[in-house]
Amino acid sequence: MISKQEFCRWFNRSFWNAFKNVAFPIETPLDSRSREKLVESVYESIASKRYSPSIPETELFINKGNGVTRTVPVFCLRDYCVYYFCIKELEDVLCVNRTPNTFGGWRLGGKLRKQEQSEIESELTEYGRYSFNPMAWTEAFGEFNSILFSQLDDQKYTHVLQFDLSNFYDSVRLDILERWIREESSAKKGWIITLLFYLLNQWNRGNTGLHPQVVGLPQDALADCSRILANFYLQKYDRFARNVCKAQDSLYLRYADDQVILTNSPQCVDTLLLLLTRELDRYGLRVNQKKVDLRTATELETHRCRKVQAIFAKKGDNQNPALVRRFAERYLEMPKDELTRSWNNGLPLLNRLLHSNLESLPKSIFDRLVRRFIAEAYLSRADHRKLTRVLQLARISKRSIAMDKRLKKMLKSFVHNAFHHEVLAFAIANKKPKLKATCVSRLSAIDKLMNEPGN
């Protein structure tokens, strides 16, 4: 057991800042002394062997598409302290031995360059939106894309195979994960590993009852701790995949559980998938067969709208009026069916534009873009910060009333409460009491629905 001072040293500003600007319901101590007392009480509960994981305080429900729900547990602060402490203590084991061109194992609270007004668009909804370091997801995604497209620019490969894993976090076998961590750790870390897996085995007992959780990592509201463990779980597979691809003169890349293989021989794809899926099966993992795509390099660049994205090639390009107009015009010229077929239905293009110098555009172009931003398809995927920026633009175009009406209508019809929490944070930040009241009322109704007998 370590000293109280050694335990408390991890809970600095970077830890508490993670709770500041998130749109989920968790109360944190307001002053430094109250925070210190909370952390000290967590330490005392561990030292006295009285610590026990709590049932999550609440759950967020995110619409993954077509009404399919991803449930995000919101832990109590004491459990977040324990989870964070364990991962920080084990980072030197969990965040090393990275296979080249794989991304997901960056440390908690690492120093990163400042995000440039969302110039790099990462799809943060799935994991990184709720994070101790959301910018790290964005930076890693930018580096992943840089490697991918630099290889294609050099014309080293003609085809791109893309696939991801089915229910990845839910499929991680905790016994395998614990064994591997113990193999790599010193004996003096044994009690920390025991504490970590006590939390991972017991946090979900509201659903598992007296039976410990044996499979699955929590995709909790601050996902970085589970992200580090999930990435560690893939390290042995990464080394296998890299070697198998190298033997076929192909290149392996991975971002979280999204995998990309660059090759000049599409004939080898079946062989690669055979070997990789067989290896994944050893760890209880499966490839999502509905998301296996083989494209030519040209088809991938078209799918990712790379010619449009390349207009904002350098830092600051999104503030250049001429480049902003060119980007906006190219985006607006794209037929609806082309946008629908593109990556995430063209949403990354709108996200690139959101924080650009849109105010420099001619009114006719500006108004057309604002209509896209206040459309349900965009608002439903936006977090509270993006909603605030959309409001700024809507006010300029005199469409703020239309935006408010749209949000209220969506609040009344949507049943996934993650959206309501984002709108609630937006309403509070922008002093919209009527919208806030609608959010609170609707959240209460959804909670009642979820807690009815039989649900």
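Above this note sits the structure.
Residues numbered from 1 in each chain as written. Predicted model: local features only at pLDDT ≥ 70, side-chain atom pairs only at ≥ 80, totals over all residues. Heavy atoms only, no water.

Section: the pairing of strand S2 (residues 68–74)
Bridge analysis of strand S1 (residues 58–65) against S2 gives seven bridges, and the strand direction is antiparallel. Pairing of Gly65 across the sheet is with Val68, part of S2. Count of turn residues in the S1/S2 antiparallel hairpin: two residues, of which Asn66 carries a positive phi of about 55°. (Pairing = 2+ DSSP bridges. Helix = DSSP H or I, 4+ residues; strand = E, 2+ residues; numbered from the N terminus.)

Quick word on the environment of Tyr51
With respect to the secondary-structure elements, Tyr51 resides in the loop between helix H3 (32–47) and S1. Overall, Tyr51 belongs to the buried group, its relative accessible area being 8%. Distance from Tyr51 to Ser166, taken between C-alpha atoms, is 34 Å for residues 115 residues apart in sequence. Not counting the four nearest positions on each side in its chain, Tyr51 is found in contact with Ser45, Ile46, Asp79, Val82, Leu195, Tyr198 and Leu199. There is a polar contact of 2.7 Å between the side chain of Tyr51 and the side chain of Asp79. (Buried < 20%, exposed > 50% of the residue type's maximum accessible area, 1.4 Å probe, protein only. Contact = heavy atoms within 4.5 Å. Polar contact = N/O pair within 3.5 Å; in protein donor to acceptor, adjacent residues only side chain to side chain.)

Notes on the packing of helix H17 (residues 347–354) against helix H18 (residues 363–373)
Each pair of packed helices can be summarised by the angle the axes make with each other and by the distance between the axes. Between H17 and H18, the shortest axis-to-axis distance is 11 Å and the interhelical angle comes to 120°. In terms of orientation, H17 and H18 fall into the oblique class. Considering how the two elements wind past one another, H17 and H18 form a crossing that is left-handed. On H18, the residues touching Leu350, Leu353 and Leu354 of H17 are Leu369, Arg372 and Phe373. Taken together, the residues of the contact of H17 with H18 break down into five nonpolar, no polar and one charged. (Axes fitted to C-alpha atoms, helices over the stretch in contact; angles between N-to-C directions. Parallel < 35°, antiparallel > 145°, perpendicular 65-115°, else oblique. Left-handed = near helix turned anticlockwise from the far one by under 90°. Nonpolar A, V, L, I, M, F, W, Y, C, P; charged D, E, K, R; others polar.)

Some details on the pairing of strand S4 (residues 159–164)
Of all the six residues making up S4, six are buried; the element is thus mostly covered by neighbouring parts of the structure. Side-chain alternation along S4 places His159, Leu161 and Phe163 on one buried face and Val160, Gln162 and Asp164 on a second face that is also buried. Relative to strand S7 (residues 293–296), S4 runs antiparallel, the two sharing four bridges. By the bridge assignment, Leu161 is partnered in S7 with Leu294.

Things to note about the pattern of salt bridges
Scanning all chains against the criterion turns up 22 salt bridges. Note that Arg286 is salt-bridged to Asp281, the shortest N-O span being 2.7 Å. Judged by its relative accessible area of 46%, Arg286 falls in the partly exposed class. On the basis of relative accessible area, Asp281 is assigned to the partly exposed category, the value being 41%. Residues joined in a network through salt bridges with shared partners are Arg9, Glu89 and Lys189. (Salt bridge = Lys/Arg side-chain N within 4 Å of Asp/Glu carboxyl O.)

Overview of the packing of aromatic side chains
Applying the stated criterion across every chain yields a total of 25 aromatic pairs. Aromatic pair Tyr237 and Tyr252: ring centres 6.2 Å apart, planes at 85°, arrangement edge-to-face. Of the two residues, Tyr237 is situated in helix H11 (residues 235–247) and Tyr252 in strand S5 (residues 251–255); the sequence distance between them amounts to 15 residues. As far as the burial class goes, Tyr237 and Tyr252 line up, both buried. Here the guanidinium or amino end of Arg304 rests over the ring plane of Trp343, the centre of that ring lying 4.2 Å away. (Phe/Tyr/Trp six-rings, centres within 6.5 Å; stacked < 30°, edge-to-face > 60°. Lys NZ or Arg CZ within 6 Å of the ring centre and 35° of its normal.)

Side note on unusual backbone geometry
Not every positive phi belongs to a glycine, and Asp249 is a case in point at roughly 55°. As for its placement among the helices and strands, Asp249 is situated in the loop between H11 and S5.

Digging into the sheet that holds S5
If you trace the five strands from one edge of the open sheet to the other, you get S3-S5-S6-S4-S7, paired in mixed fashion. Since the sheet does not close on itself, it has two edges, and those belong to strand S3 (102–103) and S7, each with one partner. This element, H11, spans S3, S4, S5 and strand S6 (258–263) of the sheet and lies at about 150° to S5.

What about helix H12 (residues 269–281)?
With 13 residues, H12 ought to run about 18 Å at 1.5 Å a step, and its terminal C-alpha atoms sit 18 Å apart, in line with that. Turning to H12, its buried residues are Val269, Leu272, Leu273, Leu276, Glu279 and Leu280. Along the axis of H12, the buried positions cluster into a sector of 135°, meaning they face one direction only. Of the exposed residues in H12, the ones pointing more than 90 degrees away from its buried face are Asp270, Leu274 and Arg278. Contact partners of the buried residues in H12: S4, H11, S6 and S7. (Expected span 1.5 Å × (residues − 1). Arc of directions from axis to C-beta.)

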